[in-house]
Structure formats: structure tokens, C-alpha cells
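Residue-level listing of the chains:
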Amino acid sequence: MTAASVEPGSGTATSHPAGGTAGRDLADGTAIYQGGGIATMVRNGEPYGAIADGALAVQDGRIVWVGPRAALPEQFAGAPRIDLAGGWLTPGLIDCHTHLVFAGERSAEFEGRLLGGSYEAAARAGGGILSTVAATRAATETDLLATAAARLARLRADGVTTVEIKSGYGLTLADELKMLRVARALGHGQGVRVRTSLLAAHATPPEFAGRADAYLDHIIADILPVAVAEGLADAVDAFAETIAFSADQVARLFTAARALGLPVKLHADQLSDGGGAALAASFGALSADHLEYTSEAGARAMSQAGTVAVLLPGAYATIGAAQPPPIAAFRAHGVRMAVATDCNPGSSPMGSLLMAMNLACSLFRLTPEEALAGVTREAAAALGLAGDVGTLEAGRAADLTVWDVRHPRELAYWMGGLRPRQVTLGK
Ligand code: DI6
Ligand code: FE
């Protein structure tokens, strides 16, 4: 671990307790975390980038120094201390794939699958995504904000400080913008960074039934440019699948997105191998997500493009998928792996990123270190935020989570019930 320092700033770091002891109000904007371990998640050869007896200095919401406590520079001698009390400090967690804004719920579909139905059959019968579209169109912005805020609060109580939120249950200009405005509003005042993705290409809406290409034209001509002009979309996403959009259609959308300067991401190879991973890679996508059916060639293409594999064990478990993503191929080709909740009412009604970590280990055989990297360093990369969050290094935002655990592997080990002692959003 290289220790580094920068010029002191001024201002106040905000602390947002998630139950337990509140963070100190840092009147002069400076504080030193010490008295425990620091899982920096920096790739420095140490598991978890760990510093067993570490110190981390925060000024004005940014990390300005990290290293062994014994090496803390003299300039911090008088700064207030925050005692880790033998616990561990990690980066704030990042949920890099959610559909957090939606109305209604689909427990009947869940029950139907357990009585013998399938996810695709429900979608083809007009249920599935389109039933949530109907409910979301009918909901007011106020109602959507209230229900999504409650879901976000649960994620935050898990230690999440950055969350990606997709549209995709509106599928008209007005309703997609409504969803994105709600997502943006969630980023104000709840102590969480929000990144938005326009997922208008999630399903073909009823008005365009049988005319997916015409709907694609509408997205490209009417929805995408307005979402960009209004500053509501940080990325463009699509669902490439036999029950959704073809590779050619996705390519058309991605070409338009890239022309407007937006990065892309893709729901790829979730239910079948449609070459989605390689398609995403060919557009330099930030991430390709799901990937249960991705081929070896797809993994290789992702590695070459630097496209992050976002693993979604909640959807895998809920749908009862036939095979897990090709983790061995991702490892062999050096593909970066993130882990997320995919929180949505159909395939992954999951309200805990810690649970997603646990399932990624149990169901996909990720190591606990890979799982923690998957919700910190690699999740940041999946959102294009790698320089700012996801690791504990000088110059990064002081998004910090304090855990009463003896080892960082415990974050993936407990099946529910673990909560951080303190969650802080930096600047
Ligand atoms: N794949 C998923 O897992 C979610 N969207 C997608 O493209 C599911 C969305 C839903 O079923 O409502
Ligand atoms: Fe999804």
C-alpha cells in the first residue's frame, strides 16, 4: 500500500448513520479513522488490499491519506479520531445494476413459476415486464418516489453509497423521463450517489406490438435525445434476448447512444446465448450483465474490451436458471466481475446487496474477496466511476462503511442480519 498525502482542503464531510453509532460531525472537515483493519480493495498484492492496523485520513469528504497507522504523517496529529474499535473499514458498497423505480409487485408470477410456469411464458402471456409497465405508467411520480425511496433506504442500511437505477418500465417518452426524474431525485438527500441508465429498450410496449423496429426508431429519434438533453441518463442499456431485442436492434440503439456520447451496458445472454457479451464488447460497453449463457468467445471479447461482467445471482436464483455464468472463463481471461442485486419486481425482488454477495459465493462460487471487489472496485468500473469510488485511496471520495466484523470475508459469509455500524458519503 503506497501512502500518499495531498494538500488539506476545507469543509465538512457528511456522515449518515445507518443505525448504531453516528459518525462524528467533522466541523473542520478532517478526521482520522483508526483502530482496526482497512480493506482498501486496491490491487496491491494483499488480499482485500488489506492493512491490518490502518489509518485513513479524510478531508472535506475526500480521502487524503491511507496507510499503516504507525506511518500516519505528523500533519494529522491533532485531527479528531474515529475509532474502528477493532472492526473493518471498507469502501461504501456500490449496487451497479438495479431497477429500483417501479410500481406494484409480481408475487403471483413468482408463485406461478413454483407451480410449474416459466419466466418467458409469463412474459409471452403479457405478464412479466409489461405488467410492471402498466403499473408504472399508472403511478404518479410522487408514488414512485416514495416506494423507490423505501427500497433505497434498505440498500443504504446495507452499506450502499452508490446505486445505478434503470428506467425501462415506462416505454413512452413521458414515462421513461418520469422514471429517470425519480431516479435523479433519489440522489438528492438520501446520502447515496445515483447513476441512471436509460433502458427504454427493455421490452416492446403494447402500442408497438409486433413492431419492435418501429419502437426502436421511436427510442432513437424521440426518447434518447430528450433524455440526454435533459441530463437524465448517464448510460444506455438494453435487453438483448429472444423475448426482447435482437443483436441488430441493440447495435442500432448503441450506435445512436455512442453518437450522443453516452456509454452503453447490456442485459446479455441471460436466458440464451445470443452473442450478447461479444456485442456489448464490440461497442466498448462499460458492462455486460447476467451472462449465464455467455460463451468462451464472449468472455474473451469482454476481456479485450475491458467490459465488466455484472453477475446477478438474485435473478439466477429467482428464475431458476439452468446454468451459472462461466466464472472460470471470466477468471481465465481476466474479465472483471461485479456483483449487483438487479432489484426488480420480476426476476430479482432483492433488497440486500450483502445477500447478493453471499449468493454470488454460494451459487457462482465466487470467493468472498471477489464478491467484495464485485460490489466495490469492479462495480465502480461497471459504472465508469473507477477513478472516484470503489477503493480506499488518496484522491477518492470518502464513501466509507464501518463494519463490526473480525475479517472482511464476513461481509459475504453472513446470510442476512449483518449491518454496518456507520455509513458515510464523501464528496
Ligand atoms: N432482465 C432482468 O432480469 C430484468 N430485466 C431484464 O432485462 C427483469 C425485469 C422484470 O422481469 O421486470
Ligand atoms: Fe436487470
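In the block above lies the structure referred to throughout.
Residues numbered from 1 in each chain as written. Chains lettered and ligands numbered in written order. Predicted model: local features only at pLDDT ≥ 70, side-chain atom pairs only at ≥ 80, totals over all residues. Heavy atoms only, no water.

Draft legend 1. Examining the coordination of the iron ion (ligand 2) more closely. Distances from the iron ion (ligand 2) to its protein donors, H97 (NE2), H99 (NE2), H267 (NE2) and D342 (OD), fall within 2.1 to 2.3 Å. For the iron ion (ligand 2), the four donor atoms in the first shell make angles of 82 to 169 degrees at the metal, so the coordination geometry reads as irregular. Ordering the donors of the iron ion (ligand 2) by residue number gives the pattern H-x1-H-x167-H-x74-D. Residue H97 shares its accessibility class with H99, and that shared class is buried. (Donors = N, O, S within 2.8 Å, 3.2 Å for Na, K, Ca; no water. Tetrahedral: all angles 85-135°; square planar, octahedral: opposite > 155°, others 65-115°. Buried < 20%, exposed > 50% of the residue type's maximum accessible area, 1.4 Å probe, protein only.)

Draft legend 2. Quick look at the sheet that holds strand β10 (residues 265-268). As summarised here, the arrangement of the four strands in space is β10-β11-β12-β13, forming an open sheet in which the pairing is parallel. The sheet is open, and its two edges are formed by β10 and β13 (337-339), each paired on a single side. The mean angle between the axes of side-by-side strands here comes to 25 degrees, regardless of whether they run parallel or antiparallel. In this sheet, β13 lies alongside strand β12 (residues 308-311) in parallel orientation, the contact comprising three bridges. (Pairing = 2+ DSSP bridges. Helix = DSSP H or I, 4+ residues; strand = E, 2+ residues; numbered from the N terminus. Axes fitted to C-alpha atoms, helices over the stretch in contact; angles between N-to-C directions.)

Draft legend 3. Representation of the site of ligand 1. Lining the immediate surroundings of ligand 1 are 14 residues, of which R106, Y119, Y169, H202 and S347 lie closest. In this structure, Q270 approaches ligand 1 through a side-chain N or O atom, which is 2.9 Å from a nitrogen atom. A distance of 2.5 Å separates an oxygen atom of ligand 1 from a polar side-chain atom of S347. The site holding ligand 1 turns out to be the largest cavity. (Near = heavy atom within 4 Å. Polar contact = N/O pair within 3.5 Å; in protein donor to acceptor, adjacent residues only side chain to side chain. 1 Å grid on protein atoms, 1.4 Å probe; cavity = no way out; pocket = protein on both sides within 12 Å on 5 of 7 lines; lining within 4 Å. Sits in = over half its atoms within 2 Å of the grid points.)

Draft legend 4. Here's a closer look at the pairing of strand β2 (residues 50-59). Here β2 lies mainly inside the structure; seven of its 10 residues are buried. Bridging between strand β1 (residues 30-39) and β2 involves eight bridges; their strand directions are antiparallel. Residue I32 lies in a different strand from β2, and its bridge partner there is A57. Two strands pair when backbone bridges link them, and β2 and strand β3 (residues 62-68) are joined in this way by six bridges, in the antiparallel orientation.

Draft legend 5. Main features of empty space enclosed by the protein. The tally for this structure, following the rule as stated, stands at three cavities of 30 Å³ or more. Along its surface, the largest cavity is lined by 14 residues, and H99, Y119, H202, N344 and S347 are the ones closest to its centre. (Points joined across faces, edges and corners; volume = space filled by probe spheres on them.)

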